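Survey of secondary and tertiary structure
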Amino acid sequence: MIRKSWIVFLFAVILSFESILIEYLTLLLGISPLAISAFSIAISGVLVLLILNLVSNRQTSLCYSSIKDFIPASIFLSVGIFTWYDAVSRVGASKESLLAGPIEIITVLLLARIFLHEKLNKKQLSGICIAFVGFILVLLSDHNSGNNGIINVTIIEVELLNFTISFGDIEAIISAISFALAVFLLARLSKKYSPLEISGMCLLLSGFILIIVMLIFTPELSVNLFMSYWYIFITFSLLPLLGTICYVEGIKRIGASLTSTIASSRILLTLMIQILLTHIGIRNTLPDNIFLALIGGILGITGIIIIHTHFYFSKHTS
């Protein structure tokens, strides 16, 4: 199993470093999350489609008339990517992953319940409850809106009970819900297109959507940013590119359920990497109470494992 699943662990590592690098790019270079997401994701989509055409033994089934199939999913994906990147710039990579991971899985289950009329059994409900408790603990682990005096942003705070939800926290939640909606729509496309075709086209369209938004609101700034940092956007685009390839390969090797379960390790992996970087003298944005955040992350992953274990055994015993 390890020989087959290592590539999914690599995907989790890539996703963690992608989040961490977003934090540094926005902090050190002052590049807006919108610019990073727009240009890098569009470039990733182009590269995925080029690779697909180079390695495929058959002609890809994608054509101009099929673009309309990808537009709804790409819209949700573009919202998810932008709010993910922007949330990282506000609350840090660790807190964003700790919040978004469990919420995305819970949202997928609720969508399946509402639209596909799939019943939730006791194991799934217990997994949802455990993951949600982990989510609450992560919120409780941060008392200063995740800013730590490092990133100067305007924070919108909503006081609930004894903890604070910052605008960055809300963005992390929106990102998780948007990704879940995109996954829900992409699942329908999987019957007609290959995983790489779906990934490449959706990344390309999502990037173009974000670029259009940039050009509408900040046309001159958009052009200047690309001209100044084009090499960074191209280099950074390799992360979502490699992540997409690893995830697709993981699904081929061990199936979607196990791939999703193992990939959820990035929830804690991001936190552990940032703690290590902090100890060697590299500044990071971490939750105030790291122990509480760690417990929340463990509960989040536990809930996800319980949920996906049900799917795995249901599939192999039916």
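Summarised in this report is the structure supplied together with it.

Calculation criteria
- Residues numbered from 1 in each chain as written.
- Predicted model: local features only at pLDDT ≥ 70, side-chain atom pairs only at ≥ 80, totals over all residues.
- Heavy atoms only, no water.
- Helix = DSSP H or I, 4+ residues; strand = E, 2+ residues; numbered from the N terminus.
- Contact = heavy atoms within 4.5 Å.
- Areas by Shrake-Rupley, 256 points an atom, 1.4 Å probe, with all protein chains shown as cover.
- Salt bridge = Lys/Arg side-chain N within 4 Å of Asp/Glu carboxyl O.
- Buried < 20%, exposed > 50% of the residue type's maximum accessible area, 1.4 Å probe, protein only.
- Axes fitted to C-alpha atoms, helices over the stretch in contact; angles between N-to-C directions.
- Parallel < 35°, antiparallel > 145°, perpendicular 65-115°, else oblique.
- Nonpolar A, V, L, I, M, F, W, Y, C, P; charged D, E, K, R; others polar.
- Core = buried A, V, L, I, M, F, W, Y, C linked by side-chain atoms within 4.5 Å.

**What about the overall build of the protein?**
- For the protein, the helix and strand inventory stands at 11 helices and 2 strands.
- Going residue by residue from the N terminus, the α and β elements of the protein occur as α-α-α-α-α-β-β-α-α-α-α-α-α.
- A fraction of 85% describes how many contacts in the protein between residues 6 or more apart in sequence connect residues 24 or more apart.
- Carbon and sulfur atoms form 71% of the exposed surface of the protein, whose accessible area is close to 15,400 Å².

**Here's the deal with the pattern of salt bridges**
- Counted by the stated rule, this structure contains 4 salt bridges.
- Where arginine 90 meets aspartate 86, a salt bridge forms, and the shortest distance between an N and an O atom there is 2.9 Å. Here arginine 90 pairs with aspartate 86, and both are found in helix 3 (residues 67–91), just 4 residues apart, close to one helical turn. In this structure, arginine 90 and aspartate 86 share a single accessibility class: buried.
- Here glutamate 171 and arginine 90 are joined by a salt bridge, their closest N and O atoms 3.2 Å apart.

**Description of the environment of aspartate 288**
- If you trace the backbone, aspartate 288 turns up in the loop between helix 10 (266–279) and helix 11 (290–317).
- Residue aspartate 288 is classed as partly exposed on the basis of its relative accessible area of 36%.
- Taking the C-alpha atoms as reference points, aspartate 288 and leucine 140, separated by 148 residues in sequence, lie 9.3 Å from one another.

**Some thoughts on the packing of helix 4 (residues 93–115) against helix 10**
- Running from amino to carboxyl end, helix 4 crosses helix 10 at an angle of 170°, the nearest separation of the two axes being 8 Å. What the angle tells us is that helix 4 and helix 10 run roughly antiparallel. For the pair helix 4 and helix 10, contact is made by Ala93, Ser94, Glu96, Ser97, Leu98, Gly101 and Pro102 and by Arg266, Ile267, Leu268, Thr270, Leu271 and Gln274, respectively.
- Here the contact of helix 4 with helix 10 is built from residues that sort into 6 nonpolar, 5 polar and 2 charged.

**Some thoughts on the nonpolar core**
- Membership of the largest hydrophobic core comes to 54 residues, with the highest contact counts inside it found for Phe70 and Tyr85.
- Core analysis: the second largest hydrophobic core is formed by 25 residues, Leu99, Val138, Leu139 and Leu268 among them.

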